[in-house]
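Working through the structure, step by step
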Amino acid sequence: YYCASAICTPARYTILTGRYPERNPHFCEMYPPDTQANIFFNIGMTRDETNLPKALKKDGYTTGMVGKWHNYPQEVKIRLKDMYSAIPEDADPNGPGIKKILQEWYRKANTYLKKGFGWDYVERTYYDNPEPFHPKAIACHNLEWIIEGALDFLDQNKTADEPFFLYVAVTVPH
């Protein structure tokens, strides 16, 4: 594997698609040929792109993903960020109203990834770097939480006759 970018989002895109970040369809729309391009957190994977979990699934693998998914298309990232921005920074994440909002965000984000990207199992996900999350009480790198999701996937698949693939994308280091 050759790391095509020093920035996490385009590097993760390359790992999962085998493509250079600058060949991403949305990126090419934003920056047509012969224009100045800027690759950063703007490389979102689309459902119609070939990717590693889809290829493995086609060959009989059960696929799982836990951790940071920073490759949502821009319009989805904006919707998720708007949901978080609507929550006050000092809100209690265990308060009934806030907890319901957070659970709904989490469900929507994971459901989105289960449709058309090749994942059978999607859990313990971050849609972005955790620092901008609201409420601030949950704006942390919770590696134990991510690893618990990975271990759950492994436990579910350890006795299966089919091969499996687990993509674990920790939030640090990156």
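Now for a description of the structure that goes with this document. Just so it is clear, the structure is predicted and the values come from calculations on it, not from any experiment.

1. A short note on the environment of Trp105
- The topology assignment puts Trp105 in helix 5 (residues 96-114).
- Taking relative accessible area as the criterion, Trp105 reaches 5% and is therefore assigned buried.
- For the pair Trp105 and Ile146, spaced 41 residues apart in sequence, the C-alpha separation works out to 17 Å.
- Beyond its immediate sequence surroundings of up to four residues, Trp105 is in contact with Leu80, Met83, Tyr84, Thr125 and Tyr127.

2. Quick look at the sheet that holds strand 3 (residues 164-169)
- Here we have three strands laid out as an open sheet, ordered 2-1-3, and parallel in their pairing. Unpaired on one side and paired on the other, strand 2 (121-126) and strand 3 mark the two borders of the sheet. Adjacent strand axes in the sheet meet at a mean angle of 5 degrees, parallel and antiparallel pairs treated alike.
- Bridge count for strand 1 (residues 62-68) against strand 2 is five bridges, and the pairing is parallel. In the sheet register, Val66 faces strand 2, and the bridge partner there is Glu123.
- Packed onto the sheet, helix 5 meets strand 1 and strand 2 and runs at close to 130 degrees relative to strand 2.

3. Re the pairing of strand 1
- Where burial is concerned, most of strand 1 is hidden: seven out of the seven residues are buried.
- Strand direction decides the pairing type here: strand 1 and strand 3, joined by six bridges, are parallel. Paired with Thr63 across the bridge in strand 3 is Phe165.

4. Quick look at helix 1 (residues 8-17)
- With nine of ten residues buried, helix 1 lies mostly within the body of the structure.
- Of all the residues in helix 1, the buried ones are Cys8, Thr9, Pro10, Ala11, Arg12, Tyr13, Thr14, Leu16 and Thr17.
- For helix 1, the secondary structure elements touched by its buried residues are helix 2 (25-30), helix 3 (52-58), strand 1, helix 4 (74-85) and strand 3.
- Positive backbone phi, approximately 75 degrees, marks Gly18, located one or two places after helix 1.

5. A look at the nonpolar core
- Grouped together as the largest cluster of nonpolar side chains are 36 residues, with contacts concentrated most on Trp69, Tyr72, Leu113, Trp119 and Tyr167.
- For this core, the elements supplying multiple residues, two or more each, are helix 1, strand 1, helix 4, helix 5, strand 2, helix 6 (143-157) and strand 3.
- It is helix 5 that provides the largest number of residues to this core, a total of seven residues.

6. A closer look at the packing of helix 4 against helix 5
- Close contact between helix 4 and helix 5 brings their axes to 10 Å; oriented N to C, the two are set at 170 degrees. By the angle class used here, helix 4 and helix 5 are roughly antiparallel. On the side of helix 4, the interface is formed by Val76, Leu80, Met83 and Tyr84, while helix 5 contributes Leu102, Trp105, Lys108, Ala109 and Tyr112.
- Grouping the constituent residues of the contact of helix 4 with helix 5 by class yields eight nonpolar, no polar and one charged.

7. Looking at the packing of aromatic side chains
- Summed over the entire model, instances satisfying the criterion amount to 16 aromatic pairs.
- Ring centres of Tyr106 and Trp145 lie 6.1 Å apart, and the angle between their planes is 55 degrees; on these two criteria the pair is classed as tilted. Taken together, the residues Tyr106 in helix 5 and Trp145 in helix 6 connect sequence positions 39 residues apart.
- For the pair Tyr126 and Trp145, a centre-to-centre distance of 5.6 Å together with 90 degrees between the ring planes defines the contact as edge-to-face. Note that Tyr126 is positioned in strand 2 and Trp145 in helix 6, a separation of 19 residues in sequence.
- A residue is classified by how much of its surface remains accessible, and Tyr126, at 4% relative accessible area, is buried.
- A residue is classified by how much of its surface remains accessible, and Trp145, at 26% relative accessible area, is partly exposed.
- Above the ring of Tyr112, the side-chain terminus of Arg47 is found at 4.0 Å from the ring centroid.

The rules behind the values
Residue numbers restart at each chain and count upward from 1, following the sequence in its written direction. pLDDT decides what is reported in this predicted model: residues at 70 or higher carry local features, side-chain atom pairs at 80 or more are listed and counted, and totals for whole chains, interfaces and linings draw on all residues regardless. For side-chain calculations, the full set of non-hydrogen atoms in the structure is used, while hydrogens and water are omitted. In this description a helix means any DSSP run of H or I spanning at least four residues, a strand means any run of E spanning at least two, and both kinds are numbered starting from the N terminus. For the exposure calls, accessible area comes from a 1.4 Å probe over protein chains only, and a residue counts as buried if that area is under 20% of its type's maximum, exposed if over 50%, partly exposed in between. Throughout, a contact is declared for two residues whenever any of their heavy atoms are within 4.5 Å. What makes two strands pair is DSSP finding at least two bridges between them. For helices, the fitted line uses only the C-alpha atoms of the stretch in contact; every axis is such a line through C-alpha atoms, and the angle between N-to-C directions lies from 0 to 180 degrees. By convention a nonpolar core is built from buried Ala, Val, Leu, Ile, Met, Phe, Trp, Tyr and Cys residues, the set being connected through side-chain atoms within 4.5 Å. Oblique is the label for any angle not covered by the other classes, which are roughly parallel (under 35 degrees), roughly antiparallel (over 145) and roughly perpendicular (65 to 115). Gly falls in the polar group here, along with every residue not listed as nonpolar (Ala, Val, Leu, Ile, Met, Phe, Trp, Tyr, Cys, Pro) or charged (Asp, Glu, Lys, Arg). Stacked, tilted and edge-to-face are the three classes assigned to paired rings of Phe, Tyr and Trp, where Trp is represented by its six-membered ring and a pair needs centres within 6.5 Å; plane angles under 30 degrees give stacked, over 60 edge-to-face, the rest tilted. Both a distance and an angle decide whether a charge sits over a ring: NZ of Lys or CZ of Arg must be within 6 Å of the ring centre and within 35 degrees of the ring normal.

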